[in-house]
Amino acid sequence: MREGVQRRGAFGRLVRNPLGAASLLVLALLVLAVALAPLLASQGPQAASLAHAFDGPSGGHPLGMDSAGRDVLSRILYGGRTTLGGAVVSVAIALVLGVPAGLYAGYRAGRFDAAASWTADLVMALPAMVVLLASRAILGSNVWVLMVVLGFLVAPSFFRLVRGIVADVRGEPYVDAARVSGLSDLRIVARHVLIVVRGPVIIQVALVAGLAIGLQAGLEFLGVGSGSTATWGAMLNEAFQNIQRSPVLLLWPGLALGVTTGALVLLATALRDALEDRAGTPPRRRRADALVPADVSRDDRAELLSIRGLAVAYARPDGTEAEVVHGVDLDVRPGEIVGLVGESGSGKTQTAFSVLGILPDGGHVTRGSVIVAGQEVAGLPERRHRRLRGTTVAYVPQEPMSNLDPAFTIGSQLVEPMRHVMGLSRKDAAARALDLLRMVEIPEPEQVLRRFPHQISGGMAQRVLIAGAMSCDPALLIADEPTTALDVRVQADVLDLLRRLQAERGLGVLLVTHNLGVVADLCDRVAVMNGGRIVETGPTDRVLRDPQDPYTRRLLDAVLDDAPPRAPWRPVEARSETA
Amino acid sequence: MSTTASPTGPLLSLRDVHVSFPGRRRRARTEVLKGIDLDVRPAETLGLVGESGSGKTTIGRAILGLVPVASGTITFDGERIDTATAARRRALSRDLQVIFQDPYTSLNPSLTVGDTLAEPLVAQGGDARATRARIAALLDRVHLPADAAHRLPREFSGGQRQRVAIARALALRPRLVVCDEPVSALDLTTQRTILDLLLEIQEETAVAYLFVSHDLSVVRCMSHRVAVIHRGRIVETGESAQVTEHPEHPYTRTLLLSAPVADVAEQRRRRAARAAAAGDF
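Since the structure is predicted, the reported quantities are computational estimates derived from the model, not experimental observations.

Conventions used here
Residues numbered from 1 in each chain as written. Chains lettered and ligands numbered in written order. Predicted model: local features only at pLDDT ≥ 70, side-chain atom pairs only at ≥ 80, totals over all residues. Helix = DSSP H or I, 4+ residues; strand = E, 2+ residues; numbered from the N terminus. Rg over C-alpha atoms; globule rule 2.2 N^0.38 Å. Buried ≥ 20, exposed ≤ 12 C-beta atoms within 10 Å, placed from the backbone. Contact = placed C-beta atoms within 7 Å. Core = buried A, V, L, I, M, F, W, Y, C linked by C-beta atoms within 7 Å. Domains from an automatic or database assignment. Pairing = 2+ DSSP bridges. Axes fitted to C-alpha atoms, helices over the stretch in contact; angles between N-to-C directions. Parallel < 35°, antiparallel > 145°, perpendicular 65-115°, else oblique. Left-handed = near helix turned anticlockwise from the far one by under 90°. Nonpolar A, V, L, I, M, F, W, Y, C, P; charged D, E, K, R; others polar. UniProt positions renumbered as here; feature names shortened; annotations may be inferred. pLDDT = per-residue confidence, 0-100. Expected span 1.5 Å × (residues − 1).

Examining the overall build of chain B
When helices and strands are tallied, chain B shows 10 helices and 10 strands. Here the C-alpha radius of gyration of chain B, 20 Å, is about what a compact globule of 281 residues would show, namely 19 Å. Once the C-alpha set of chain B is aligned to its principal axes, its extents read approximately 65 × 55 × 45 Å. The burial tally for chain B puts 49% of its 281 residues in the buried class. A separation of at least 24 residues holds for 66% of the contacts in chain B among residues at least 6 apart in sequence.

Re the overall build of chain A
Scanning chain A for helices and strands turns up 22 helices and 10 strands. In terms of overall size, chain A is more extended than a compact globule, its C-alpha atoms giving a radius of gyration of 35 Å where 579 residues would be expected to give roughly 25 Å. Counting only C-alpha atoms, chain A reaches 105 × 70 × 55 Å along its principal axes. For chain A, with 579 residues in total, the buried portion stands at 45%. Nonlocal contacts in chain A, meaning residues at least 24 apart in sequence, comprise 68% of its contacts between residues at least 6 apart.

Quick notes on the nonpolar core
Ranked by size, the top nonpolar core spans 243 residues in total, and within it A212, L267, L271, I478, L510 and L511 of chain A together with L210 of chain B carry the most contacts. Here this core takes 18 residues from helix 9 (residues 185-221) of chain A, the largest share from any one element. Setting aside chain neighbours within four positions, we find L271 of chain A in contact with L14, I202, I203 and A206 of chain A.

Quick look at the domain arrangement of chain B
Here the domain parsing of chain B yields domain 1 (1-95 + 176-235), domain 2 (103-171) and domain 3 (249-281). In this structure, domain 2 of chain B and domain 3 of chain B have C-alpha centres spaced 42 Å apart.

Describing the pairing of strand 10 (residues 533-539) of chain A
Residues and elements named next belong to chain A. In this structure, strand 9 (residues 525-530) lies alongside strand 10, joined through 6 bridges in antiparallel fashion. Looking at strand 10, one finds that V526 is bridged to G538. In textbook terms, the turn of a hairpin is the stretch between consecutive antiparallel strands, and for strand 9 and strand 10 this stretch comprises 2 residues, one of which, G531, has a positive phi near 60°.

What about the packing of helix 10 (residues 232-241) of chain A against helix 11 (residues 248-275) of chain A?
Residue and element names in this part refer to chain A. Closest axis-to-axis distance for the helix 10/helix 11 pair is 8 Å, and the angle between their directions is 155°. As summarised for this structure, helix 10 and helix 11 are arranged roughly antiparallel, according to the angle between their axes. When the axes of helix 10 and helix 11 are compared, the crossing they make is left-handed. Side by side, helix 10 and helix 11 meet where W232, M235, L236, A239 and F240 of the first sit next to L249, L250, P253, G254, A256 and L257 of the second. Class assignment of the residues belonging to the contact of helix 10 with helix 11 gives a composition of 10 nonpolar, 1 polar and no charged.

Quick look at the sheet that holds strand 3 (residues 45-49) of chain B
Residue and element names in this part refer to chain B. Read from one edge to the other, the open sheet built from 6 strands follows the order 6-7-8-3-9-10, with strand pairing classed as mixed. Only two strands of the sheet have a single partner each, and these edge strands are strand 6 (96-99) and strand 10 (233-239). Between one strand axis and the next, the sheet turns by 20° as a mean value, whatever way the strands run. Of the pairings in the sheet, the one linking strand 9 (residues 225-230) to strand 10 comprises 6 bridges and is antiparallel in character. Looking at the pairing, H230 lines up with R233 of strand 10. Lying over the sheet, helix 1 (residues 56-63) contacts strand 3, strand 6, strand 7 (176-180), strand 8 (208-213) and strand 9, oriented at roughly 150° with respect to strand 8.

Focus: the UniProt feature "domain: ABC transporter" (unreviewed entry) in chain A
Mapped onto this numbering, the UniProt entry gives "domain: ABC transporter" (unreviewed entry) at residues 307-556 of chain A. Summarising residues 307-556 of chain A: 41% helix, 26% strand, and an end-to-end C-alpha distance of 26 Å.

What to know about the domain arrangement of chain A
Each domain of chain A was delimited in the assignment, giving domain 1 (3-42 + 68-275) and domain 2 (305-555). Look at where the C-alpha atoms of domain 1 of chain A and domain 2 of chain A centre, and you get two points 52 Å apart.

Regarding the sheet that holds strand 2 (residues 30-40) of chain B
Residue and element names in this part refer to chain B. The sheet built from 4 strands is open, its strands ordered 2-1-4-5 with antiparallel pairing. One side of each edge strand has no neighbouring strand; the edge strands of this open sheet are strand 2 and strand 5 (79-80). As paired elements, strand 1 (residues 12-21) and strand 2 share 8 bridges and run antiparallel to each other. Bridge pairing links S13 to D39 in strand 2.

A few points about the confidence of the model for chain B
Low pLDDT marks regions whose predicted coordinates should not be analysed in detail. Residues and elements named next belong to chain B. Residue-level pLDDT values for chain B average 90, and 95% of them are 70 or greater. Here residues 1-5 is a poorly scored stretch, pLDDT under 50, and it has 1 contact once near neighbours within four places are set aside; other chains count. Both scores are available for the predicted complex, with the pTM at 0.81 and the ipTM at 0.86.

Examining unusual backbone geometry
Residues and elements named next belong to chain B. Unlike most non-glycine residues, D16 shows phi in positive territory, near 50°. Mapped onto the secondary structure, D16 falls in strand 1. Phi at A206 takes a positive value of approximately 55°, unusual for a residue other than glycine. On the secondary structure map, A206 appears in the loop between helix 6 (188-205) and strand 8. On the basis of neighbour count, A206 is assigned to the partly exposed category, with 14 C-beta atoms found within 10 Å.

Comments concerning the packing of helix 4 (residues 72-108) of chain A against helix 11 of chain A
All names here are of chain A. Following both chains from N to C, one finds helix 4 and helix 11 inclined at 25°, their axes separated by 11 Å at the closest point. By the angle between their axes, helix 4 is roughly parallel relative to helix 11. Viewed along their axes, helix 4 and helix 11 form a crossing whose handedness is right-handed. Only L249, W252, P253 and A256 of helix 11 make contact with helix 4, whose side of the interface consists of V72, I76 and G80. Partitioning the contact of helix 4 with helix 11 into residue classes produces 6 nonpolar, 1 polar and no charged.

Points about the interface of chain B and chain A
In this assembly, 59 residues from chain B lie in contact with 47 residues from chain A. In terms of residue class, the side of chain B that touches chain A is built from 23 nonpolar, 20 polar and 16 charged.

Points about the confidence of the model for chain A
Of the residues in chain A, 93% reach a pLDDT of 70 or more, and the chain-wide mean stands at 85. Below pLDDT 50 for its whole length, residues 1-7 of chain A participates in 8 contacts with residues either more than four positions away or in separate chains.

What about the environment of A165 of chain B?
Residues and elements named next belong to chain B. By the secondary structure assignment, A165 is in helix 5 (residues 158-170). Since 27 C-beta atoms lie within 10 Å of it, A165 is described here as buried. Placed 72 residues apart in sequence, A165 and S93 show a C-alpha to C-alpha distance of 15 Å. Every residue in contact with A165, bar those within four places of it in the chain, is listed here: I99, F100, P103, S106 and L107.

Side note on helix 17 (residues 458-470) of chain A
Residues and elements named next belong to chain A. Between its first and last C-alpha atoms helix 17 spans 18 Å; for 13 residues at 1.5 Å apiece the expected length is 18 Å, and the two agree. Summarising burial for helix 17: 11 of the 13 residues are buried, a large majority. What helix 17 keeps buried is the set G459, M460, A461, Q462, R463, V464, L465, I466, A467, G468 and A469. Where helix 17 is buried, its residues touch strand 6 (393-396), helix 14 (410-422), helix 15 (426-439), strand 7 (476-480) and helix 18 (488-505).

Thoughts on the environment of E181 of chain B
Inspection of the secondary structure assignment puts E181 of chain B in the loop between strand 7 and helix 6. Along the primary structure E181 of chain B and T244 of chain B are separated by 63 residues, whereas in three dimensions their C-alpha atoms are 18 Å apart.

Description of the environment of R231 of chain B
When you line up the elements, R231 of chain B lands in the loop between strand 9 and strand 10. Here the alpha-carbon distance between R231 of chain B and E31 of chain B, two residues 200 residues apart in the chain, equals 9.4 Å.

Now the structure itself:
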C-alpha cells in the first residue's frame, strides 16, 4: 500500500536513506513472517497441551511455551496477522472516509466544509480509548469491529490534513489556469490536487498505522480484546498475569510491538525526507574565514561608504562555493544618492547585504574591503556589525508589509528598538516616534502609532519603515527596491520623501533598484551591475544619455518610455487589403 | 465585406458589470467593480491600467468566470457568458484564455511542461498523437526548444516559464486572451522579448487581448485602446495616443506624471509638473 503510489524518484531516495531502507526491510520481514506463519510455526496458535506449560525453548518451539502450553512463536506469528491486519483495516477506513471528504471540503468550501469540519472536530475531541471501550460493550468483543471503530476515530486526522492542503492549493494560479483550460473539477483534483496531498497522506498512513497497533495492543492488554484470538496485546496480558513465574513471556510480544511501531515511525520520518526531497543543508562556514584583503590604497576612497574588490560566495550543499559577486568597487559620499541598478541575479542585493552584514545563511564575503564611515566591515563579527546597523547604517527593505510584525502596533515597533538601541525612556522614545512619523509626512501620527500593520496601506508602511530607519540618525541609508511594491503615485511620494531627507540631513543613500526611472528621479550617480560585476559607473545623466557599456545600452533599449503608442485598431479585413 | 458577422463589432462586451466580495464576519459586501462598460474588438488589444485594488484584475477574472458577476452582462461573440453553466464554461475555454502575472505560481511545479500544455488539449478531447504534434508546434511558436516538453518548470527562467504560460493559453487557438500583468514579474530585458512575442502572435493569429497592467508605458505600446480604471470605475477610455499623451481625466494625468522616466531632464520636468498639479486629484 505504501510503496505503490510513490514516484520512482522518491522511492529511490527512500531506499538510499539508511533509516528508510532499514525500516522498510524490518516491516517487509515482519509481513513475510506473518504471512508464512503456517510454514514457520510448528503448530497452530490454539493448540495447547497443559503438560508443556511454561516449557523453555526446545527443538520445535524456539521461543518456548506459554501458561496454557501453547507455542509462543506460533502465537506471535498468528497474532501478528490480527494485529497488522487490524491496523490495515483502521487505516483503510480512515483513508476512505477522510481523504475524499477532505478533498471535497477543501476544494468546494461552503456548507459541506463547515459541516464536515465540525464533525471532524467533534470526533477528534472524543477520547479514543473510552469510545473503544464503550463500543466493545455495545458491539461485542471482536477485534475487527474495534479496529473499524478506530478507523472512524482517526479519519478526522486525514480529513484535516487533506482539507488544509487542498484549501491552500485551490488558490494557486495554476489551478485557476486549469479551470480556464476547460478542465472539470474532478480532473483538476485528480491532476493538480492529489499530487500535492499524496506525500503528506503517505506519511500520515505510517504514523496512524503505528498508532492503531499501539491502541489495539493496549485494549487487549487491558483484557478488552477478543478473548481467545491470538494477538500481541492478548499475549502481553497473558504474560503479565504470569510475570512472577515466567517473565520472559513478556519479552516476545513486547519486542514485536516495539519493533513494528518503531519501524513505522522511522519509516514516516524517512518518507517525509524522501517525498519532500530535502536537500542537505549547506555546511556552516567557519567564523574565522581568512579574508583576502583587497590591495588598495585608502586615499581615493569615499569617506562614507567605500567598497573595493568585494566578492560574495554561497556554500553549496556539496561543500564547494558559488561566487555570485566578483569584485565590486563602489563609493557613496556623504549626502550623495547612488543607484545600484541591475536585473535579478545581478548581485546588486548581495552587494547591499554585504555592507549591512545581513547576507542569508551560507553567503559570506570572500574577499575585498567594505569601509563604512571609516570602519572596515568586511569580516566584522556579527555583534559589532549589529551595533553599526543601529547607528551609522540604516536599511529600508523592499516589502514594507512583510517587514512589520502583524502582532504589534506601529508605535511599539518604533519605540522598542529606540529604547533598546539608544537607551531612551519609554516617554522619550514615544515622543521621538511621533516626531519621526511627522518627519515622514504621515497624517494623524498619534493615531497611526496605535494601529496595527494590517490597518495601514503599503505606502504608509514604507513611510513607517523609513521613519524607523531614521530613528538612529544614520549617515548612510541602504534602500533595497524601496518603491517596487508600491503603486506609481505612492512611489513618487516616497521618492520625494527620500529626496527631502537626503537634502535636509545630508544623508548618503545607496539605492538598489531595477527601475531606471527611479534612478533618473533620485540618483546623483549610478552603478550598473550585471552578472556579479559593475559594468559601468558614472553621473546618472551621463550614463542614461550616453551609456558606454553594451549591457547598459541593452537595458536602456528595453525601457519603453520612448516607445510610440500603438496605432489605432483597424478591422482585420482592412489590414489584409493594405498589407 | 460580409454583413453577417460584423468585423468591426465587439468580440467581448461588458455592460454595467458589478462584482462584490463578501465582507468578513457580517460586514457589508465590498463592491470591487461598480458598473464597468468595456468593449474588445476582434484582433484588438484593449489596455486596462490601474493601481492595486482598482479592480483591474477582477475584470479579467469576471470575464473568465473565476468570480461571479453580481449584476450587469458580459457578452462574448453575441452570447451572454456571465450566466454560463459550468459545462458551457468549459467549452468557452476554446475561445477565452488567460496569461497570469506570476510565471512561478501559474505552472504546476510537479507537472512537466508537456503535461501542462496537454491539459487544455486533452480536456477538449484531443487524441494523443494530435496533442503531441500540437505541443511541438506550440513550443516552437513561443521559441522554446522542443525538448522543453519533458522538463519541469523549475528548470526554466521566469521569462521561459512565461513563454510556457503563453503556449498554454494559445493551445486551443483562442479568440481572446486575458493578459493579467504578464510581464510585471519579469526583468526589463526579458519583458521586452515577451511583449514582442505577444505582438507577433497577435499579428499571426488575430487574437484579441485584454491587457491588464499597472505600467502605463507597457500598456501604451501594446494597446490599440486604453481604459483607465480607478476604484472600480473606468474613468477614461480612448486611443492609446490620446489617453497617454493628452489625458483628459485628472487621475490619468497624475498616473502619467507619477511614473518616472529614465531621462534626468525629462524626469525633472515631470516632477515639477506633478508638484504643480498636486491637489488636482
